[in-house]
Every structure is written in structure tokens, then in C-alpha cells.
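# Chains, contacts and geometry: an overview
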Number of protein chains: 2
Amino acid sequence: MEAVYYSQNPRFYVAVDCIIFCFEDGVLKVLLQQRDFEPFRGEHTLMGGFVQENEDVTQAAQRILEERTGILYVPLEQVGAFGSPNRDPGARVVSIAYMALVDKHLCNDSLNAKHNGFWVNVYDLPSLSFGHDEMVHKALARLRIQIGKTPVGFQLLPPMFTLSQLQHIHEAILNEHIDKRNFRKRVADMSYIEKTDKIDKTTSKRGAALYRYNQLEYEKSLKAKL
Amino acid sequence: MEAVYYSQNPRFYVAVDCIIFCFEDGVLKVLLQQRDFEPFRGEHTLMGGFVQENEDVTQAAQRILEERTGILYVPLEQVGAFGSPNRDPGARVVSIAYMALVDKHLCNDSLNAKHNGFWVNVYDLPSLSFGHDEMVHKALARLRIQIGKTPVGFQLLPPMFTLSQLQHIHEAILNEHIDKRNFRKRVADMSYIEKTDKIDKTTSKRGAALYRYNQLEYEKSLKAKL
DNA sequence: TCAAAAGTGTTAAGTTTACACCCATGA
DNA sequence: TCATGGGTGTAAACTTAACACTTTTGA
């Protein structure tokens, strides 16, 4: 029972595309797929899919993320909408890009294998169809801004992590070297990055203190800033 | 000639909604409309419309902006996509919000009058249908970030303006008082805000120097930062 | 002559950067 | 014992914030 007001207008497919970042082997990676279906069979793209009836657009992105990695309950951030008429040669599709940071250990790689998924160094990106390159670059630009302002790096790590790991993430995202002492000083000022009494012995002989992120403390610190 | 791949998915109306800011009487204002059509007849919303076949989404926003203000060639910035299933009670509509800053003097008010348009202080916003309040708040938040990093204030002013006018815009956007000396010092460091030899006598007896924005100088200064 | 807006510098506080050595341990 | 990554402080440079008086001129 739709008014004429609406029906004189065209309708389009609405897709979501996910820029899923992980951190592995000291490298910031993004999840791609090699398409085994048209259009652009054989080419590379982000993981994406169509928004369904009664499905929130953000939910659709959650669904894609879960289908391809098994990961649920990770914050997704909208990167932008992409709506030029010829993005997709098969049909008019307006696509909304979302980015997520995931802990690679939690990814179920058999799931993404079903979709010809693979992880690639974000600084060594093949060319992507549907203008997905632009989405990745925009996501990375946004991530760089975020990492300077809000704690997001820990999302790429297990619940407990060393400061060196966290620093390497910052370095990978910003693509530049960071001074260790200055970095640790900055982290020390973040009440929500808490030292635990656990020690990680896997990356050094001496062992490194394990830290964890405390969401409640973060919210407190936000309020304190006002 | 669309593959099954597409056609098993639903299609939605895609709308654009414009957050059009102006600066008038020392106040940051946004253009609203009182709807004289369903849904939400009589209620307030942003100016918006549906994306058409073969029309780029950004172009659609340009079109709406021009229809309602007569203004062309103003940069539009995407604020975000809004896609929850029940945003619009009449049909499933995914809406993409854009913001623009316009010089009120260039607005053709007879055009927006045709659409029941009116300007309202952004800090005295009535409640808006379709979740348009959220769009305005997000746009304002983005504008606050922008104004600290990139020159955008001048877009709300005529080509020549005084530093007091520019300062008042910053104050209106940030909703806080700015120290005059510090503000002028900061502007003096911006090579792309150039003093002209013209004097404005309308706002003070003494007269104030008129400045103008130089896009080329801005681009130069960006390069110089790298 | 006075009200009203334009214009102008200095100092203190805070933030950011640069920089080098000792520590603990397993191999 | 030594190679490897973990851990620590200080000083200089820079940026930001606070602050008050003089100038011009039309009414």
C-alpha cells in the first residue's frame, strides 16, 4: 500500500561491502575475495552482499562479516555510501561500505575459504573491481584518524596483549615508525589500557607484561574530559 | 538483462537528504521544510528527494540543493547512509545524507518557499521526522571537526568578508567563545586567507579589512605540509 | 565626546618530539 | 655469554591558551 509519491521513483539494489582488517605477522591485512561468479569473475573485490527486506543496512554488514569470518559482536563503522550509476555493470547498485577490526585468531578461515577469501597486506593491494579500492583507502584514512583519538587497536588483538604488539599495530596503521618511549608514555596516560599481572613469554626471553582494554574505564575517561 | 544473481534480491528506494547550513544574523541555520504531503504531513524534515535512474547519488544531492536554493557549484559532503527498515513508514527507503554550506545571500528564497522551506537556528531545532535530527547532529559534529582542520567557514560568507564575520562563524559552529587575538593569529598563519585592500564599513564606524579565500594558495599549503 | 567594533603581543602552560641505556632470560 | 626484545626519563621545541589596551570614526 505504497503511495504514488514513492512509486514514481526507481528502486535500486542496495549492497554492503566490508573492509575487514586484521593484524597478522606484523602486517595490517584486509580480507578480499576472488570472485567465481559474474560480474567480474576472477577479479578481486571486498566481501559484500545485498541488503535484504526488513534487514537494517548495518545488520547486513554484520551478517556478511559473520558469514565470512564467523565473527559476531564486533563494532562496525560506516565508511560511506557509493552510488555512481555505473559502479556495477550488472545492475544499478548503491553500496554502503563498513569497516571492522577483527582478531585474526577468532576468524574461521574455512568460512572465508568458501567464498574464495584471502587476506592481503593493505599496502600491497591488488586492483579491486566495483571501485572497492576507493573504499579501502577511505577506510584506512578513517582508521588513521581513529587510532589517534580513540582506542581501536586492541580490537585487532586477543583480549590480552603486550605493548609491543599494540605499538606494532599503530605503526602498521600509520605506516610509520613510532618511538617506543613516547608510545608507552601515551599508553600510560590511558586509564583504560590496564596492566595485568600476566606475562607473555612467547615473543621474548625476558617476557612482556600483558595488558587489557577496559571499556568501562574508557567511558569514564570520556566523561572526565568534559 | 540482469542476472539471477541480482534479481533474487530486493530493491529499495534511495533518497538523499540535505543538511544545508547558512549563517545569518550571527546564527548558524539549517534549511528545513514543513511537509504538505504524506507521510508525516505537517511535520518537519530536511530537504530531500529520491535518486533517479542514471543519476549519481551525489548528483541527486546537488539537484535537491539547486531546486531548493538555486545554488549550484557548492561542495557537498556525504554525512552518511541511514538504512534502518522502518525509517520511512511509507516504504523501505535507504537515505544518504549530504551537507553543504551556502552563502545565504545567494539563496533564492522563492524557491525554498515553494517547498515550505524555512531556516532555523541549528541550536533550536524542532524535532524532525525520518530520523533527520540524527543527520543534522552528525553533520554538525562533522562540521566541527572540519572547521578545525580545513577552511570551510568562508563558504558561508560572500567572497569578501571580515575577520570578525569569520570568527563569528567559528563561534557559531563550535558553540563557544573564541579569543579574538588567538583567532586572528591563527588566520594570519593561513596563507590562503588573504587580506584585500577593500574596507567594509557596514558593520563598524571604523571599518574592517576585507579578506578573501584563495583556493590555489590552499592547495599549495597542503602540499607544503608533506 | 563617546559608543562600538577593529586591531594588536607577550607570557605561561601544556604537549610533542627526540634521544640512549640497562634489564632479564633462554638458547 | 650473548643476542633478543622489554622496559625506563629528561630536556628542547613547539603549540595552545590566557589576557587588556589603543585606534578609528559616525552619530
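Reference entry: report on the structure contained in this document. (Residues numbered from 1 in each chain as written. Chains lettered and ligands numbered in written order. Predicted model: local features only at pLDDT ≥ 70, side-chain atom pairs only at ≥ 80, totals over all residues. Heavy atoms only, no water.)

## Digging into the overall build of chain A
- Of the regular secondary structure elements, chain A holds seven helices and nine strands.
- Seen through its principal axes, chain A has C-alpha atoms that stretch 65 × 45 × 30 Å.
- Burial analysis of chain A (226 residues in total) assigns 50% to the buried set.
- In chain A, the share of contacts with a sequence separation of at least 24, taken over all contacts with a separation of at least 6, comes to 63%.
- Between the mean site of the 28 positive side-chain charges and the mean site of the 28 negative ones, chain A shows a separation of 8 Å. (Helix = DSSP H or I, 4+ residues; strand = E, 2+ residues; numbered from the N terminus. Buried < 20%, exposed > 50% of the residue type's maximum accessible area, 1.4 Å probe, protein only. Contact = heavy atoms within 4.5 Å. Lys, Arg positive; Asp, Glu negative; His and termini not counted. Charge placed at Lys NZ, Arg CZ, Asp CG, Glu CD.)

## With respect to the relation of the copies chain B and chain A
- For the pair chain B and chain A, the superposition axis carries a translation of 0.0 Å, the fit reaches an RMSD of 0.0 Å, and the rotation angle comes to 180°. The operation mapping one copy onto its partner corresponds to a two-fold rotation axis.
- An overlap of 100% is found between the interface residues of chain B and their copies at the interface of chain A, pointing to a shared contact surface. (Least-squares fit on C-alpha atoms with pLDDT ≥ 70 in both.)

## A word on a positive patch on the surface
All names here are of chain A.
- On the surface, K180, R181, R184, K185, R186 and K195 cluster together to form a positively charged patch.
- Counting residues per element, the positive patch draws most heavily on helix 6 (residues 180-188), at five residues.
- Looking at the secondary structure, you find R181 in helix 6.
- By relative accessible area, R181 is classed as exposed at 68%. (Patch = residues over 30% accessible without salt bridge, like charges linked within 9 Å, V, L, I, M, F, W, Y side chains within 5 Å. Areas by Shrake-Rupley, 256 points an atom, 1.4 Å probe, with all protein chains shown as cover. Salt bridge = Lys/Arg side-chain N within 4 Å of Asp/Glu carboxyl O.)

## Thoughts on the packing of aromatic side chains
- Scanning the entire structure with this criterion turns up 22 aromatic pairs over all chains.
- Aromatic pair A:Y13 and A:F50: ring centres 5.7 Å apart, planes at 65°, arrangement edge-to-face. One end of the pair, A:Y13, is in strand 1 (residues 11-24); the other, A:F50, is in strand 3 (residues 44-50), with 37 residues separating them in the sequence.
- Ring centres of B:F154 and B:Y213 lie 3.8 Å apart, and the angle between their planes is 15°; on these two criteria the pair is classed as stacked. Placement of the pair is B:F154 in the loop between helix 4 (132-149) and strand 7 (160-162) and B:Y213 in strand 9 (residues 208-213), with a sequence separation of 59 residues.
- Ring-pair connections join several aromatic residues into one group, and the members of that group are A:Y5, A:Y6, B:Y13, B:F37 and B:F50.
- For the cation-ring pair, A:R11 lies above B:Y13, with the distance from its terminal atom to the ring centre recorded as 5.9 Å. (Phe/Tyr/Trp six-rings, centres within 6.5 Å; stacked < 30°, edge-to-face > 60°. Lys NZ or Arg CZ within 6 Å of the ring centre and 35° of its normal.)

## So, the protein's contact with DNA strand C
- Around DNA strand C, a shell composed of 18 residues is seen, among which A:R206, B:S164, B:K180, B:R184 and B:R206 lie nearest.
- Atoms of DNA strand C within 4 Å of the protein belong to the sugar or the phosphate in 38% of instances, the rest to bases.
- In this structure, a base oxygen belonging to DNA strand C sits 3.0 Å away from a side-chain N or O atom of A:K185.
- Within the contact set of DNA strand C, a sugar or linking oxygen lies 3.4 Å away from a backbone nitrogen or oxygen of A:K205.
- If you list the elements that add at least two residues to the surface near DNA strand C, you get helix 6 of chain A together with helix 6 (180-188) and strand 9 of chain B.
- Counting residues per element, the surface near DNA strand C draws most heavily on helix 6 of chain B, at four residues.
- Of the residues contributing to the surface near DNA strand C, the split by class is two nonpolar, five polar and eleven charged. (Near = heavy atom within 4 Å. Polar contact = N/O pair within 3.5 Å; in protein donor to acceptor, adjacent residues only side chain to side chain. Nonpolar A, V, L, I, M, F, W, Y, C, P; charged D, E, K, R; others polar.)

## A short note on the interface of chain B and chain A
- The interface of chain B with chain A comprises 37 residues on the first partner and 37 residues on the second.
- Buried surface at the junction of chain B and chain A, both sides included, amounts to about 3,300 Å², of which 56% is carbon and sulfur.
- Sorting the residues of chain B by area buried against chain A places B:Y6, B:R11 and B:Y13 first, and these three jointly supply 22% of that buried surface.
- Where chain B touches chain A, the interface holds zero salt bridges.
- For the pair chain B and chain A, the number of links is 13 residue pairs in polar contact (both at pLDDT 80 or more).
- Broken down by element, the side of chain B that touches chain A gets its largest block of residues, four residues, from strand 1 (residues 11-24) of chain B. (Buried area = accessible area lost by both parts, 1.4 Å probe.)

## Looking at helix 4 (residues 132-149) of chain A
Residues and elements named next belong to chain A.
- With 18 residues, helix 4 extends 26 Å from end C-alpha to end C-alpha; this agrees with the ideal 26 Å at 1.5 Å per step.
- Every buried residue of helix 4 is listed here: H132, D133, M135, V136, A139, L140, L143, Q146 and I147. For helix 4, the buried positions fall inside an angular range of 150° around the axis, keeping them on one side. (Expected span 1.5 Å × (residues − 1). Arc of directions from axis to C-beta.)

## Re the pattern of salt bridges
- Per the stated rule, a full pass over the model turns up 24 salt bridges over all chains.
- B:R41 is the salt-bridge partner of B:E38, the closest N and O atoms lying 3.2 Å from each other.
- Residue classification places B:R41 among the partly exposed positions, given a relative accessible area of 49%.
- A salt bridge links B:E55 to B:R63, with the shortest nitrogen-to-oxygen separation between them at 2.6 Å.
- Salt bridges sharing partners connect three or more residues here, namely A:E24, A:D25, A:K29, A:K104 and A:D109.

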